[in-house]
Amino acid sequence: MRLNDSRSQRSEDGGQKREQVSLISKFGEMIKTVFDLEVFNISYRLTMDIFHVSRDFPKAEMYSLTDQITPSSRSISANIAEGWGKRIYEKEFRKHLIYAMGSLEETKVWLLFAKDCGYLSGETFETFDRKCDELGAKIYKLYENWKSL
């Protein structure tokens, strides 16, 4: 991925040369793992916030709304991570970012159901909705700007 810059280093590995690539974000920070990606971290925090709030849904929703919103929100981070693991194939990473955007949109619908059923306050829903929109914009920007090395 080239956010702004990339740097290569040659290293010796058992007599074989291999090229190790470090990715540099626009802020000059090294991106070595999926945990260094801003979109992954934002999506993970969002997922955990949704998980914690869904624990307060009525027990009658345990096998319906709760079982829908938790997996869809987890799928956002999971797809970003899976795509990161395949990032040398540009189309694969971008495809997983599209899947992450789809899971994000599904999560937004479940949040709307939770609000309309009275399980989330309007204020809590608006906070989640704003976070979802910000995350969606960041995932889309990464999708648009991704270039394989």
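Structure: above.
None of these values were measured; they are calculated from a predicted model. (Residues numbered from 1 in each chain as written. Predicted model: local features only at pLDDT ≥ 70, side-chain atom pairs only at ≥ 80, totals over all residues. Heavy atoms only, no water.)

Draft legend 1. Summary view of the nonpolar core. One finds Leu37, Ile80, Leu111, Leu135 and Ile139 to be the most contacted residues of the largest nonpolar core, which totals 31 residues. Of all the secondary structure elements, the ones that give two or more residues to this core are α1 (38-54), α2 (65-85), α3 (90-116) and α4 (122-145). By residue number, the principal contributor to this core is α3, which donates eight residues. Apart from the residues within four sequence positions on either side, leucine 111 is in contact with Ile50, Ile69, Leu120, Phe125, Phe128 and Cys132. (Core = buried A, V, L, I, M, F, W, Y, C linked by side-chain atoms within 4.5 Å. Buried < 20%, exposed > 50% of the residue type's maximum accessible area, 1.4 Å probe, protein only. Helix = DSSP H or I, 4+ residues; strand = E, 2+ residues; numbered from the N terminus. Contact = heavy atoms within 4.5 Å.)

Draft legend 2. The packing of α1 against α2, seen in detail. Their axes nearest at 9 Å, the elements α1 and α2 cross at an angle of 165°. The orientation of α1 relative to α2 falls into the category roughly antiparallel. When the axes of α1 and α2 are compared, the crossing they make is left-handed. Facing α1, whose interface residues are Val39, Phe40, Ser43, Tyr44, Thr47, Ile50, Phe51 and Ser54, α2 presents Thr66, Ile69, Thr70, Ser73, Arg74, Ile76, Ser77, Ile80 and Ala81. (Axes fitted to C-alpha atoms, helices over the stretch in contact; angles between N-to-C directions. Parallel < 35°, antiparallel > 145°, perpendicular 65-115°, else oblique. Left-handed = near helix turned anticlockwise from the far one by under 90°.)

Draft legend 3. Layout of the packing of α1 against α4. For the pair α1 and α4, interaxial distance at closest approach is 10 Å and the crossing angle is 155°. Taken together, the axis directions place α1 and α4 in an arrangement best described as roughly antiparallel. Viewed along their axes, α1 and α4 form a crossing whose handedness is left-handed. In this structure, α1 uses Glu38, Val39, Ile42, Ser43, Leu46, Asp49, Ile50 and Val53 to contact α4, whose residues at the interface are Phe128, Lys131, Cys132, Leu135, Lys138, Ile139 and Leu142. For the contact of α1 with α4, the class distribution of residues is 10 nonpolar, one polar and four charged. (Nonpolar A, V, L, I, M, F, W, Y, C, P; charged D, E, K, R; others polar.)

As far as function goes, none of this settles anything; it's purely spatial.
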